[in-house]
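Results of the structural survey
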Amino acid sequence: MYRKPVKVLLVDDDDDNCKFIDDLLSAIKVGKFELGTVNSYAEALEQILQNQHDVYLLDYHLGQTLNAKKGQLKGKKPLSPPGGERGRGLELLREALAKGCSGPIILLTALADLDVDIEAMNAGAADYLIKSQLDSHVLERSIRYAIERKRAEKAIRLSQERYALALGGGQVGVWDWNINTNEIYISPNLKAMLGYGEAELENGWDEWKQLLHPEDCAPVMAALETHLAGFIGQYEVEYRRLHKDGTWRWFLSRGTALRDTDGKAYRMAGSETDITERKQLEAYLRQALAQEKEVNELKSRFVTMVSHEFRTPLATILSSADLMEFYVDSWQADKLIEHINRLQNAAEYMTQMLNDVLVIGKADAGKLEFKPMALDLSQFCRDLVSSIEEDIQNKKRPNNNANPRQKRINFEEPPPQNGSDQTNCIMDEKLLRQILTNLLSNALKYSATTVRLELAYEDNLAVFRIQDSGIGISPEDQLHIFEPFHRGNNVENRPGTGLGLAIVKKCVELHNGYITVESQVGQGTTFTVKLPLEP
């Protein structure tokens, strides 16, 4: 029963009482007891706080006997206190427990008093014994129960501490739901994970449910109902819950229901694990994988574009060079000039491709500069249209080779309103030229008829509309037309890099503008660009 001698400290200032307790301990046959005694409050407190004993016996009337010896004769009954004064035993009990006494404390008193009994137990006494009713059996049983109870309390406390450490370290909280009453217990650390104090969040199902993300409410309830109905052995679901600071936290919820003899669930308990960091990492990895996939696709498109688009002008250069050698020998000047023009056109086309690659590279690296300056939009558009038409006329553009029919651009603008200075703006001339040149070149390339360029104004925006009646763009291609190296499925053998519209979009974004497209296959396409008149 007792694996080693039980160390007992008796706190009593009456020698007769000390001998009485010593005799009782000596009479116990089930173990060995080593008794120590102190007779003052201060010495007792010092001894108790050293926690060197297994159990402590405190006289409720501590201090009264010494006071009596100093002022009057000792009474005839050694186990009875002198007078009805209150002793300091209860005070010592409270102070010892408050300052860290780890052993059980049994309070001894000479007279039965229900109020004192209740007060002692509420203060933390392991037992309350009346000396006149004591024998060795009662004292041994009280000591044994007190020690065992203290060991059990210590084991429970250690288990709770381990449990709390495990929950806190793993960002895990627990809940316990009484299905019949709809009451739910939410552990303090689970409330803390959501930023709430213990009293800030009520233990109610409705309050707990209100913190669910609206999009997650249906799947959470579906998983819960499926488990309660007995279709799955364990409830498990990932969802978002509202933190006190207004952010959404991700949780993994697991639980199991207890069922009655009819299989009906009456109680359910489970855990909540904060998986917000895991979810954020998953999102980051998905984004990184998507970017890597996009980069790989861009590389593949780039290689395909280079191998295809460079082959044609290089073949032109090589064949023209061979023919030029022949025509030089035969002195056919007109043929020589024709092939020189072909060389120039091929070289210009390859240069433009490389320039486009450089521009898109700068844009992706954030190094494409935005240098706004004062512009007359009306004059700028007229000059640009004239320049493009002159190039067409001089046959310096490869798209002219694809379709020898002459193409023109109709430029339309609203008439001036009462001397309005609306055509003046502040934009980046170089970037604006990239935008309109690419859009107009595409319109001319894919349309056999006249292309329309319209300049208009809406509030503080300049609106450019480029309209053609060409081959059009399918709805599927419209989703990707602004991606680098993407070309429509219906472009056939028309030359192009798939970079023009990507460059256009980058230039528009640098102006804080936006671009839209409307198109039908076989009917034509209209691009609308809206740019602020001032940055």
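Only a predicted model underlies this, so the values are computations on that prediction, with no experimental measurement involved. (Residues numbered from 1 in each chain as written. Predicted model: local features only at pLDDT ≥ 70, side-chain atom pairs only at ≥ 80, totals over all residues. Heavy atoms only, no water.)

**Description of the sheet that holds strand 5 (residues 127–130)**
Spatially, the five strands line up as an open sheet ordered 2-1-3-4-5, and their pairing is parallel. What marks the edges here is a single partner per strand, and that holds for strand 2 (33–38) and strand 5. Geometrically, the sheet is characterised by an average inter-axis angle of 25° between neighbouring strands, direction not taken into account. Pairing of strand 1 (residues 6–11) with strand 3 (residues 55–59) involves four bridges; the strand directions are parallel. Along strand 3, the bridge assignment pairs L10 with L57. Its contacts with the sheet put helix 5 (residues 114–123) on strand 4 (105–109) and strand 5, and the angle it makes with strand 5 is roughly 150°. (Pairing = 2+ DSSP bridges. Helix = DSSP H or I, 4+ residues; strand = E, 2+ residues; numbered from the N terminus. Axes fitted to C-alpha atoms, helices over the stretch in contact; angles between N-to-C directions. Contact = heavy atoms within 4.5 Å.)

**Section: the packing of helix 4 (residues 89–98) against helix 5**
Look at helix 4 against helix 5: their axes get within 10 Å of each other, and the N-to-C directions meet at 10°. On the basis of their axis angle, the class for helix 4 and helix 5 is roughly parallel. Seen from above, helix 4 lies across helix 5 with left-handed handedness. Between helix 4, through L90, L93, R94 and L97, and helix 5, the contact on the second element is made entirely by E119, A120 and A123. When grouped by side-chain class, the residues that make up the contact of helix 4 with helix 5 number five nonpolar, no polar and two charged. (Parallel < 35°, antiparallel > 145°, perpendicular 65-115°, else oblique. Left-handed = near helix turned anticlockwise from the far one by under 90°. Nonpolar A, V, L, I, M, F, W, Y, C, P; charged D, E, K, R; others polar.)

**A look at the pattern of salt bridges**
Applying the stated rule across the entire model yields 29 salt bridges. Note that E389 and R408 form a salt bridge whose closest N and O atoms lie 3.7 Å from each other. Of this pair, E389 sits in helix 13 (residues 377–393) while R408 sits in the loop between helix 14 (398–402) and strand 12 (409–412); the two residues are 19 residues apart in sequence, bridging distant segments of the chain. Owing to a relative accessible area of 17%, E389 belongs among the buried residues under this scheme. (Salt bridge = Lys/Arg side-chain N within 4 Å of Asp/Glu carboxyl O. Buried < 20%, exposed > 50% of the residue type's maximum accessible area, 1.4 Å probe, protein only.)

**A short note on unusual backbone geometry**
The backbone of N51 sits at a positive phi, close to 50°, despite the residue not being glycine. Among the residues examined, N51 registers a relative accessible area of 29% and is labelled partly exposed. Despite not being glycine, N512 shows a phi value in the positive range, around 60°. Relative to the helices and strands, N512 resides in the loop between helix 17 (500–510) and strand 16 (514–520).

**Description of the packing of aromatic side chains**
Aromatic rings considered in pairs are described by the distance between their centres and by the relative angle of their planes. Here the structure, examined in full by the defined rule, presents four aromatic pairs. When the centroid spacing of 4.6 Å and the interplanar angle of 10° are considered together, the rings of W177 and W205 count as stacked. Residue W177 is found in strand 6 (residues 172–178), and its partner W205 is found in helix 8 (residues 205–210); the two are separated by 28 residues along the sequence. Classification of W205 as buried rests on a relative accessible area of 15%. Taking 6.4 Å as the distance between ring centres and 75° as the angle between the ring planes, the aromatic pair formed by F482 and F527 counts as edge-to-face. (Phe/Tyr/Trp six-rings, centres within 6.5 Å; stacked < 30°, edge-to-face > 60°.)

**Overview of the nonpolar core**
Judged by nonpolar contacts, the single largest core of 44 residues is most densely connected at L377 and F464. Counting residues per element, the ones that place at least two in this core are helix 13, strand 13 (424–427), helix 15 (429–446), strand 14 (451–458), strand 15 (461–468), helix 17, strand 16 and strand 17 (524–532). For F464, the residues in contact, after removing those within four places along its chain, are L377, C381, L432, L436, E454, L455, F527, T528, V529 and L531. I186, Y235, A257 and M268 belong to the second largest nonpolar core, which has 24 residues in total. (Core = buried A, V, L, I, M, F, W, Y, C linked by side-chain atoms within 4.5 Å.)

**As for the confidence of the model for the chain**
In this model, the chain carries an average pLDDT of 82, and 76% of its residues clear a pLDDT of 70 or more. The spread of mean pLDDT over the elements of the chain runs between helix 14, the lowest at 43, and strand 17, the highest at 95. Here residues 69–85 scores under 50 on pLDDT; set against residues more than four positions off or in separate chains, the count is 18 contacts. (pLDDT = per-residue confidence, 0-100.)

**Looking at the side chain of N438**
Tracing the sequence through the fold places N438 in helix 15. Judged by its relative accessible area of 13%, N438 falls in the buried class. Not counting residues within four places of it along the chain, the set of residues in contact with N438 comprises G500, I503 and V504.

**Examining a nonpolar patch on the surface**
A cluster of nonpolar side chains, namely L281, Y284 and L285, defines an oily patch on the protein surface of about 320 Å² accessible area. In this fold, Y284 is placed in helix 10 (residues 276–309). (Patch = residues over 30% accessible without salt bridge, like charges linked within 9 Å, V, L, I, M, F, W, Y side chains within 5 Å. Areas by Shrake-Rupley, 256 points an atom, 1.4 Å probe, with all protein chains shown as cover.)

**Some remarks on empty space enclosed by the protein**
One pass over the full model with this rule turns up three cavities of 30 Å³ or more. Here the largest cavity defines a volume of roughly 160 Å³. In this structure, the largest cavity is lined by 15 residues; those nearest its centre are W205, W208, V220, Y235 and R241. Its residues placed into classes, the lining of the largest cavity shows 11 nonpolar, one polar and three charged. (1 Å grid on protein atoms, 1.4 Å probe; cavity = no way out; pocket = protein on both sides within 12 Å on 5 of 7 lines; lining within 4 Å. Points joined across faces, edges and corners; volume = space filled by probe spheres on them.)

**Side note on the sheet that holds strand 15**
The strand order across the open sheet built from five strands is 12-14-15-17-16, with neighbouring strands paired in mixed fashion. The open sheet terminates on both sides in strands that have one partner only, identified here as strand 12 and strand 16. Pairwise comparison of adjacent strand axes, ignoring direction, gives a mean angle of 15° for this sheet. Taken together, the four bridges between strand 12 and strand 14 define a ladder with parallel strand orientation. From the neighbouring strand, E412 faces strand 14, where its bridge partner is E454. Sitting on the sheet, helix 15 touches strand 12, strand 14, strand 15, strand 16 and strand 17, and the angle it makes with strand 15 is about 20°.

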